[in-house]
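# Descriptive structure summary
In case you want the letters, here they are:
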Amino acid sequence: MPGKPVTDQQMRLYMSDRPFHNQRVAAARAGFSERTGRRIEANPVLPSQRKPVRGRTVPDPLEAVWQPILIPLLERDSSVQAVTLLRHLQMLDPDGFPDDRVRRTLERRVREWRALHGPERDVIFRQSPEPGRMGLSDFTDATELGVTIAGHLLLHRLFHFVLAYSGWEHAAPVLGGESFTALAENLQNALWALGGVPQESRTDSLSAAYRNLDKDATRDVTERYEAFCRHYGMVASRNNPGEAHENGAIEAHNNHLKVALDQALILRGSRDFPDIDAWRRFVDEVVARRNRRREDKIKVELQHLKPLPTQRTTDFTELVVRVVRTGGFLVHSVFYSVPSQFIGQRLRVHVYDDRIEAYLGATHVVSHPRMRGRKDGKRIHSINYRHVIHALRRKPQALANSVYRDNLFPRSEYAEAWNRLSEVLPRKEACKRMVDLLWLAHSENCEADLAALIAGDFANGALPDAKTLRKQLLGSRTELPEDRKVRLTDLSSFDRLLEVRT
């Protein structure tokens, strides 16, 4: 085993003792061996003044191919990978390079060559954000959080808005894709929740919003987004495609937010929510807690934000549709029901990310949760049974083969009731009893209570019957107390109290 290297101090001590002592004693006094003493006398240069001698311990495995073969390939295109060069060598000389043992050596050699002879590389310039200057928007996949709605996995994204200076953030679940509608609606909500407007609105390249759009549609989205920013007095900017670091102020926040949501879900003990609104409230609570930790910077930034306009602007896509004889209209291959009085009318439909709103002129007609078409082309139906129950009551047999029968039932108990009735009873009787149940739920406005009674019949092995269930419903309702006379206090008594106090 080699000993410790000799220091300049040890060597000076040895050389000063050497005239008075023999080699062994002088070496012992300096703290090294006699053999080291002989080596020092043969070369009396101090260790700090010696040049390190380096040499190869093994032959260079790339010596024969580096200059004649690999250098020309790198000079032709410096982006070629080291593993590609290795595969090229293995094709040229299978016996010389039978395996990947030289891969690490080749990777190191290519990396050094690029540093010495390669092209200039992009430099990331760290920025010092100004208060009130920039707000950044982005979408991030949140399906990985494993959130479920009533037991079903929620496939969704999160819209995320962040102020670059203070880090104030706003987040909201998005059920569809990265569309202009989702961006405009949620960005507008963020600005009104903030109470001010930054000078610049930075987004990514919006490539997802433009996907599958023709040139005219792409131009329309661009113009609508620029009009949106003009309404709020913001400058619209985007980072270059593929340059995620240009949106770095929000990319890091995306990950931090999802980690915070994941940890909050762990503490909650369950990732299941009764509906999407409950999940939205949970996200709002987590974001609010994160914003409270930034209050000092937020107060500074609020002083530099521009005021909000007097009103909101358009954050939806508008379509004009005609209500057909089947009692509804089509939006993006999804059929939505309306009351039968509007058959033949043309409605204006506002399409949001999570809902649609239909208007006849300026009058609101109907709202529906927004549905997405299936990839297999099968039509989706969003049906409110109250819109068609009057027609079904006149034609109960139409229920059996209706194309949207399975979408008609408001709760799972009603769907199960149809399955049991249709299995046991003749079709005519099953349709009539099912329609009677729906009519009872509508007329008495007891959809949830009736569902509980239907479930009770299932537990007892009985088939639900509207007449029997109506009696149970009416019997369970408490009557209001009789009118009683209330004696009012004479107002003159208050005057007497004031006189006594005076």
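These figures come from a predicted structure and were not determined experimentally.

Cut-off values and rules
- All residue numbers refer to positions counted from 1 along the written sequence of the respective chain.
- Per-residue local features are limited, in this predicted model, to residues with pLDDT of at least 70; the limit for side-chain atom pairs, both in listing and counting, is 80 or more; totals at the level of whole chains, interfaces and linings are taken over all residues.
- In computing side-chain properties, one takes all heavy atoms of the structure into account and sets aside hydrogens as well as water.
- Strands here are runs of E lasting at least two residues and helices are runs of H or I lasting at least four, both read from the DSSP assignment and numbered beginning at the N terminus.
- Only protein chains enter the accessibility calculation, which uses a 1.4 Å probe; a residue is then buried when its area is under 20% of its type maximum, exposed when over 50%, and partly exposed in between.
- When checking whether two residues touch, look at their non-hydrogen atoms; a contact exists if any pair is within 4.5 Å.
- Each accessible area is a Shrake-Rupley estimate made with a 1.4 Å probe; only the visible protein chains count as cover when residues are assessed.
- Orientation is described by axes fitted as lines to C-alpha atoms, over the contacting stretch for helices, and by angles from 0 to 180 degrees between their N-to-C directions.
- Note that the term roughly parallel is reserved for angles under 35 degrees, roughly antiparallel for angles over 145, roughly perpendicular for angles of 65 to 115, and oblique for everything else.
- Each crossing gets its hand from how the near helix is turned against the far one by less than a right angle, where anticlockwise is left-handed and clockwise is right-handed.
- Throughout, the ten residues Ala, Val, Leu, Ile, Met, Phe, Trp, Tyr, Cys and Pro are labelled nonpolar, Asp, Glu, Lys and Arg are labelled charged, and all others, Gly among them, are labelled polar.
- At least two bridges found by DSSP between two strands are what make those strands a pair.
- Only the six-membered ring of Trp is used, alongside the rings of Phe and Tyr, when aromatic pairs are assigned; centres must lie within 6.5 Å, and planes under 30 degrees apart are stacked while those over 60 apart are edge-to-face, with the rest tilted.
- By the criterion adopted, a ring carries a charge over it if an Arg CZ or a Lys NZ lies within 6 Å of its centre and within 35 degrees of its normal.
- Starting at the helix axis, one direction is taken to each C-beta atom, and the arc is that of these directions.
- For this analysis, a salt bridge means a side-chain nitrogen from Lys or Arg found within 4 Å of a carboxyl oxygen belonging to Asp or Glu.
- Known as pLDDT, the predictor's confidence for each residue is given on a scale from 0 to 100.
- Here, the term nonpolar core denotes a set of buried Ala, Val, Leu, Ile, Met, Phe, Trp, Tyr and Cys residues that are joined through side-chain atoms within 4.5 Å.
- Residues forming no salt bridge and having over 30% relative accessible area are the ones grouped into patches, like charges within 9 Å of each other and nonpolar side chains (Val, Leu, Ile, Met, Phe, Trp, Tyr) within 5 Å.

### A short note on the overall build of the protein chain
A tally of regular secondary structure across the protein chain gives 18 helices and 15 strands. Counting the 502 residues in the protein chain, one finds 39% classified as buried. Within the protein chain, counting contacts between residues at least 6 apart in sequence, those at least 24 apart form 62% of the total. Of the roughly 31600 Å² that the protein chain leaves accessible, carbon and sulfur atoms contribute 50%.

### Concerning the packing of helix α5 (residues 82–92) against helix α6 (residues 103–117)
Between α5 and α6, whose axes approach to 9 Å, the crossing angle comes to 125°. Here α5 is positioned oblique relative to α6, judged by the angle of their axes. As for the relative orientation of α5 and α6, their crossing is right-handed in sense. Here A82, V83, L85 and L86 of α5 lie close against α6, whose contacting residues are R103, L106, E107 and V110. For the contact of α5 with α6, the residue count by class is six nonpolar, no polar and two charged.

### Some thoughts on the pairing of strand β10 (residues 328–331)
Within a regular strand, side chains alternate between the sheet's two faces. Here β10 pairs with strand β11 (residues 334–337) via four bridges, running antiparallel. Across the sheet, the residue bridging to V331 is V334, located in β11. Hairpin connection of β10 to β11: two residues between the antiparallel strands, including H332 at a positive phi of 55°.

### Examining the packing of aromatic side chains
For the coordinates displayed, the defined rule picks out 10 aromatic pairs. With 5.3 Å between their ring centres and 55° between their planes, F273 and W279 make a pair best called tilted. With respect to burial, F273 and W279 carry one shared label: buried. Through a chain of ring-to-ring contacts, three or more aromatic side chains come together here, namely F273, W279 and F282. One Lys or Arg, K297, reaches over the ring of Y165 and ends 5.4 Å from the middle of that ring.

### Here we look at helix α4 (residues 66–76)
Among the residues making up α4, those that are buried are W66, L70, I71, L73 and L74. Axial view of α4: buried residues confined to an arc of 160°, hence all on one face. With respect to the buried face of α4, the exposed residues turned more than 90 degrees away are P68, E75 and R76. Packed against the buried residues of α4 are α5 and α6.

### Topic: the environment of L408
With respect to the element layout, L408 can be found in the loop between α13 (385–394) and α14 (412–424). Overall, L408 belongs to the buried group, its relative accessible area being 3%. Separated by 30 residues in sequence, L408 and L438 have C-alpha atoms that sit 9.6 Å apart.

### Observations concerning the pattern of salt bridges
Taken as a whole and judged by the stated rule, the model has 31 salt bridges. Residues R38 and E34 are paired through a salt bridge, measuring 3.7 Å at the closest nitrogen-oxygen approach. In this pair, R38 and E34 both sit in helix α3 (residues 34–42), four residues apart, roughly one turn of the helix. Note on R38: relative accessible area 44%, which makes it partly exposed. In this structure E34 comes out as partly exposed when scored by relative accessible area, which is 29%. Connected through salt bridges with shared partners, the residues E185, D277, R280, D354, R355 and E357 form a single ionic network.

### A word on the sheet that holds strand β2 (residues 148–149)
The sheet built from three strands is open, its strands ordered β3-β2-β8 with mixed pairing. Edge positions in the sheet fall to β3 (152–153) and β8 (272–273), since each of these pairs with one other strand and no more. Relative to β3, β2 is paired through two bridges, and the arrangement is antiparallel. Across the sheet, residue T148 finds its bridge partner in β3, namely L153.

### Side note on the sheet that holds strand β14 (residues 363–369)
Pairing in this open sheet of four strands is antiparallel, and the strands run β9-β12-β13-β14 from one edge to the other. Across the chains shown, the open sheet's two edge strands, defined by having one partner strand only, are β9 (317–322) and β14. Between one strand and the next, the sheet's axes are offset by a mean angle of 25°, whatever the strand orientation. The pairing of strand β12 (residues 346–351) with strand β13 (residues 355–360) spans four bridges and is antiparallel. The partner of H350 across the bridge, within β13, is E357.

### Notes on the confidence of the model for the protein chain
Averaged over every residue, the pLDDT of the protein chain is 86; residues scoring 70 or more account for 90%. Mean pLDDT per element in the protein chain: helix α8 (residues 207–210) is the minimum at 47, and β8 is the maximum at 95. Confidence over residues 208–212 falls short of pLDDT 50; this stretch has nine contacts with residues more than four positions distant or in other chains.

### What to know about the packing of helix α2 (residues 23–30) against α3
Geometry of a packed helix pair, given as the angle between the helix axes and the separation of the axes. For the pair α2 and α3, interaxial distance at closest approach is 8 Å and the crossing angle is 100°. If you check the angle between α2 and α3, you find them roughly perpendicular. Across the interface between the two elements, Q23, R24 and A27 from α2 touch E34, G37, R38 and E41 from α3. Considering only residue class, the contact of α2 with α3 consists of one nonpolar, two polar and four charged.

### Regarding the nonpolar core
Formed by 33 residues in total, the largest nonpolar core has its most connected members in Y414, M434 and L450. Here this core takes nine residues from helix α15 (residues 427–443), the largest share from any one element. Every residue in contact with Y414, bar those within four places of it in the chain, is listed here: F409, M434, L437, L438, A441, C446, E447, L450, A451 and I454.

### Re a nonpolar patch on the surface
A cluster of nonpolar side chains, L491, F494 and L497, forms an exposed patch at the surface whose accessible area comes to about 350 Å². In this structure, F494 sits in helix α18 (residues 492–501).

### Examining unusual backbone geometry
Although it is not a glycine, A150 adopts a positive phi angle of roughly 55°. Along the chain, A150 turns up in the loop between β2 and β3. In the Ramachandran plot, S333 falls in the positive-phi region, its phi being about 65° despite a non-glycine side chain. Residue placement: S333 occurs in the loop between β10 and β11.

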